[in-house]
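# What the coordinates show
Here is what each chain is made of, one letter per residue.
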Amino acid sequence: MSGIAMVSATAGALLAVSLTSTPLQQAQLSPKDEAVFDSDRISGGVLRFSELTRPVNLLVMGMSVLPPDIQNPPEETKNLKYLPQVNSFDGLSDVMLLVKFDPETKKINMLSIPRDTRTEIEGYGVKKINAANLEGGPALTAKTVSNLLGGAGIDRYIRINVLGVGKLIDALGGVTVYVPKDMKYQDDSQHLYINLKAGKQHLNGDQTLQLLRFRHDELGDIGRIQRQQMVMRALMDQTLNPATVAQLPKVLDVVKDHIDTNLTVEELVALMGFGVRTNRSNMQMLMLPGRFSEKGEFGASYWLPSKNGIAKLMAQHFGLESEEEQLATTTDPSSLRVAIQDSTGGDRSNLRPLIRALEKSGYRNIYVAKAWGEPLDVTHIVAQQGDGDSAESIRNTLGFGEVRVESTGNLGSDISIQVGQDWLQQKSILENSLTP
């Protein structure tokens, strides 16, 4: 049935849009800019055109564009008393992801790059990375990302305007997600009104945008990235299935005016098909290693990338090994920063057997962090810095929990243990094993 749905979806999608070589591309790239991207085929031919034939690195940019950001804003926006969103791909990139689809490892790895990342933009000096699109579009952004990540190749790009994100969520039927706290923010100058209550709920497109765009808390853009990963995880769980792929023509028709990409429709179908066939545990979400700049360190606030952290992450998840990484050994448990975030609402004393079990296994840097707001049935052992092997080792030590490679845990940790109800069931067993 899955195969029939995939073939039907593919055929429908190919009939729904123009069969030119770049039916979804709105930007006019020069031959020099086109050469930045790998032009080799990524999908099979004829009957196998919905299958990936090699690993693909896709650069994803989310665009939030206001009238002052572009040279010739639409006439209808000029006499308004506020700044509306404009359906354009110029300006600063609000969101940036590098996504690797790898048919060899059967994994999808998503790397979030904070828009405030301080880096060199070729020809323009050191700036925040979101300026790369403003200065030179997708090609310069791809060059900048590649240089930042140690030479990682970029095969394709896709830019989606924020106006299209809401429509995309609505076309997919909304998304059920846990809103981590009450969110209220008002910006009359942009008609941006955010008003969400904490708790698990089904959000429509506009509400999802409110969740994604909120950044007025202590973590700023990094907190926003964590919420983006939560929404992406929920969307993948709910929509990556044959039935949704069969709706691809309808979804494309709704959002195509808000998308610019050098993916062909055939290639887009191949990526979607690979996503449907990929086990959810093999979908990993990472964040660029680094730290916040300190007050007064620079004239503006930045996310300062960690060169060593990037080299390690790119070796582990993007196949880009450096000489240092080839010599690297297994991480020593005593060097790992392990954060414990309780979601059960219990007393801190309930966590002591958990901490003692970790200490007995050689973990020395353990601390109790801010509680995890969403009540969890199953404990999440989160590889905050992308070290899935260390997270799996902790799971084996404890004997319960689910490993997640994503960056939704405590920012200062290597591994975050978000304690769920299964801990209460395992507590007595662990206590007995610790009794002399």
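The shown structure was predicted, so the numbers you read here are calculated from the model rather than taken from an experiment.

Turning our attention to the UniProt feature "domain: Cell envelope-related transcriptional attenuator" (unreviewed entry) in the protein. According to UniProt, the positions carrying the feature "domain: Cell envelope-related transcriptional attenuator" (unreviewed entry) are residues 93-239. Segment residues 93-239 splits into 39% helix and 34% strand. End C-alpha atoms: 25 Å apart.

Looking now at the sheet that holds strand 1 (residues 56-63). Adjacent strands of a sheet form backbone hydrogen bonds with each other and so pair up, either parallel or antiparallel. Taken together, the six strands give an open sheet; going across it, the order is 11-6-1-2-3-12, and neighbouring strands pair in mixed fashion. At either end of the open sheet lies a strand with only one pairing partner, and these are strand 11 (259-261) and strand 12 (283-287). On average, adjacent strands in this sheet sit at an angle of 20° to one another, irrespective of strand direction. Pairing between strand 2 (residues 93-102) and strand 3 (residues 107-112): six bridges, direction antiparallel. Residue pairing in the sheet places Phe101 in a bridge with Ile108 of strand 3.

Moving on, we get to the confidence of the model for the protein. Per-residue pLDDT for the protein has a mean of 88; in total, 91% of the residues score no lower than 70. Here residues 17-21 is modelled with pLDDT under 50, and outside its nearest four sequence neighbours on either side it reaches four contacts, counting other chains as well.

The mixed open sheet is built from five strands, whose spatial order is 16-15-19-17-18. With partners counted over all chains shown, the strands left at the sheet margins are strand 16 (365-368) and strand 18 (402-404), one partner each. Adjacent strand axes in the sheet meet at a mean angle of 20° when their direction is disregarded. Pairing geometry for strand 15 (residues 337-342) and strand 19 (residues 415-419), over five bridges, is parallel. Its bridge partner lying in strand 19, Gln341 is registered against Gln418.

Counted residue by residue, strand 7 (residues 175-179) has four buried out of five residues, so it is predominantly covered. Note that strand 7 and strand 10 (residues 199-203) share five bridges and pair antiparallel. Within the sheet, the bridge partner assigned to Val177 lies in strand 10 and is Gln201.

Our next topic: the UniProt feature "domain: LytR/CpsA/Psr regulator C-terminal" (unreviewed entry) in the protein. In the numbering used here, UniProt assigns the "domain: LytR/CpsA/Psr regulator C-terminal" (unreviewed entry) feature to residues 336-423. The distance from the first to the last C-alpha atom of residues 336-423 is 21 Å, and the span holds 26% helix and 25% strand.

What follows covers the packing of aromatic side chains. Applying the stated criterion across every chain yields a total of five aromatic pairs. With centroids separated by 5.4 Å and ring planes inclined at 40°, the aromatic side chains of Phe37 and Tyr157 adopt a geometry described as tilted. On the criterion of sequence distance, the pair formed by Phe37 in the loop between helix 2 (31-34) and strand 1 and Tyr157 in strand 6 (residues 156-161) is long-range, its members being 120 residues apart. Comparing Phe37 with Tyr157 shows no difference in burial state: the two are buried. Each ring, one from Phe298 and one from Tyr302, has its centre 5.4 Å from the other, and the planes form 80°; the classification is edge-to-face. Owing to a relative accessible area of 29%, Phe298 belongs among the partly exposed residues under this scheme. Tyr302 sits in the buried class, given a relative accessible area of 15%.

Here we take up the nonpolar core. Counting residues in hydrophobic clusters, the biggest one holds 55 residues, and the most contacted among them are Leu111, Leu149, Leu358, Ile394 and Leu398. When residues no more than four places from it in sequence are discounted, the contact partners of Leu398 are Leu354, Ala357, Leu358, Ile417 and Leu430.

A few words on the packing of helix 4 (residues 162-171) against helix 8 (residues 248-255). Two numbers describe how helix 4 lies on helix 8: the axes approach to 9 Å, and their chain directions differ by 155°. Relative to helix 8, the element helix 4 is oriented roughly antiparallel. Relative to helix 8, helix 4 is oriented so that their crossing is right-handed. Contact residues: Gly164, Lys167, Leu168 and Ala171 in helix 4; Val251, Val254 and Val255 in helix 8. Within the contact of helix 4 with helix 8, the residues separate by chemical class into five nonpolar, one polar and one charged.

On to the packing of helix 12 (residues 352-360) against helix 13 (residues 388-398), then. Here helix 12 crosses helix 13 at 115°, and the two axes come no closer than 10 Å. The pairing of helix 12 with helix 13 is recorded here as roughly perpendicular in orientation. Both helix 12 and helix 13 take part in a crossing whose hand is right-handed. Contact with helix 12, carried on its side by Leu354, Ala357 and Leu358, involves Ile394, Thr397 and Leu398 of helix 13 and no other residues of that element. When its residues are assigned to classes, the contact of helix 12 with helix 13 shows five nonpolar, one polar and no charged.

With that settled, the discussion passes to the pairing of strand 2. Most of strand 2 sits inside the fold, with nine of its 10 residues counted as buried. As consecutive antiparallel partners, strand 2 and strand 3 are separated by four residues, and within that stretch Lys106 has a phi angle of approximately 60°, a positive value.

With that out of the way, let us pick up the environment of Asn133. Among the secondary structure elements, Asn133 is positioned in helix 3 (residues 131-148). Take Asn133: its relative accessible area is 3%, and that puts it in the buried class. Separated by 299 residues in the primary sequence, Asn133 and Asn432 have C-alpha atoms spaced 58 Å apart. Ignoring sequence-local partners within four residues, the contact set of Asn133 consists of Met61, Met63, Phe89, Asp90, Gly91, Ser93, Pro138, Thr141 and Arg159. A polar contact is formed between the side chain of Asn133 and the backbone oxygen of Phe89, at a distance of 3.0 Å. Here Gly91 takes part through its backbone oxygen, which lies 2.9 Å from a polar atom of the side chain of Asn133.

Quick notes on the rules
Residues numbered from 1 in each chain as written. Predicted model: local features only at pLDDT ≥ 70, side-chain atom pairs only at ≥ 80, totals over all residues. Heavy atoms only, no water. UniProt positions renumbered as here; feature names shortened; annotations may be inferred. Helix = DSSP H or I, 4+ residues; strand = E, 2+ residues; numbered from the N terminus. Pairing = 2+ DSSP bridges. Axes fitted to C-alpha atoms, helices over the stretch in contact; angles between N-to-C directions. pLDDT = per-residue confidence, 0-100. Contact = heavy atoms within 4.5 Å. Buried < 20%, exposed > 50% of the residue type's maximum accessible area, 1.4 Å probe, protein only. Phe/Tyr/Trp six-rings, centres within 6.5 Å; stacked < 30°, edge-to-face > 60°. Core = buried A, V, L, I, M, F, W, Y, C linked by side-chain atoms within 4.5 Å. Parallel < 35°, antiparallel > 145°, perpendicular 65-115°, else oblique. Left-handed = near helix turned anticlockwise from the far one by under 90°. Nonpolar A, V, L, I, M, F, W, Y, C, P; charged D, E, K, R; others polar. Polar contact = N/O pair within 3.5 Å; in protein donor to acceptor, adjacent residues only side chain to side chain.

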